[in-house]
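Structure at a glance
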Amino acid sequence: MRSRSARLAATAAAVAMLGTLAAAAPAVAAPGDNVPPRAASEQHAAGYSFKAWYRTKAACDDAGAYYVRHGYSDHYCELFNQGWALMLKD
């Protein structure tokens, strides 16, 4: 009985730790990785500028909507190897 209880407790602790780590993970890449993508798209040439990296499209769209509400005229999110790049237009 003791070994089964110990295994259950260890498993529960591991699951709790993974949940804590996942919740604490930042939505944006590390500052060293915060390099704008190459200006390859038509939209970038039309006045859009890189703002930040996001892990999911939903997070990128939410941030873009925030910036539009606070003064930017438009946004779009583009997928790159590093994640989703938020592009803003003044």
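Residues numbered from 1 in each chain as written. Predicted model: local features only at pLDDT ≥ 70, side-chain atom pairs only at ≥ 80, totals over all residues. Heavy atoms only, no water.

1. Brief notes about the packing of aromatic side chains
Geometry of an aromatic ring pair is reported as the spacing of the ring centres plus the angle between the planes. In total, this model carries five aromatic pairs according to the counting rule given. Measuring from centroid to centroid gives 5.0 Å for Tyr48 and Tyr76, while their planes differ by 75 degrees, and the two rings are edge-to-face. Remark: Tyr76 occurs in strand S2 (residues 74-80) and Tyr48 occurs in strand S1 (residues 48-54); sequence separation between them is 28 residues. Residue classification places Tyr48 among the buried residues on the basis of a relative accessible area of 9%. Taking the relative accessible area as the measure of exposure, Tyr76 reaches 11% and is therefore buried. Measuring from ring centre to ring centre gives 5.1 Å for Phe50 and Trp53, while their planes differ by 55 degrees; the resulting arrangement is tilted. (Phe/Tyr/Trp six-rings, centres within 6.5 Å; stacked < 30°, edge-to-face > 60°. Helix = DSSP H or I, 4+ residues; strand = E, 2+ residues; numbered from the N terminus. Buried < 20%, exposed > 50% of the residue type's maximum accessible area, 1.4 Å probe, protein only.)

2. Points about the state of the cysteines
Counted by the stated rule, this structure contains one disulfide. Here Cys60 is linked by a disulfide to Cys77, with a sulfur-sulfur distance of 2.2 Å. Across the disulfide from Cys60 to Cys77, rotation about the S-S bond amounts to roughly -105 degrees, and the bridge is consequently left-handed. Of this pair, Cys60 sits in helix H3 (residues 57-69) while Cys77 is found in strand S2, placing the two residues 17 residues apart along the sequence. Across the pair, Cys77 and Cys60 agree in class, each one buried. (Disulfide = S-S within 2.5 Å.)

3. Quick look at the pattern of salt bridges
Counted under the stated rule, the structure contains one salt bridge. The residue Asp61 makes a salt bridge to Lys57 at a minimum N-O spacing of 3.0 Å. One end of the pair is Asp61 and the other is Lys57, both in helix H3 and four residues apart, which spans about a single turn. (Salt bridge = Lys/Arg side-chain N within 4 Å of Asp/Glu carboxyl O.)

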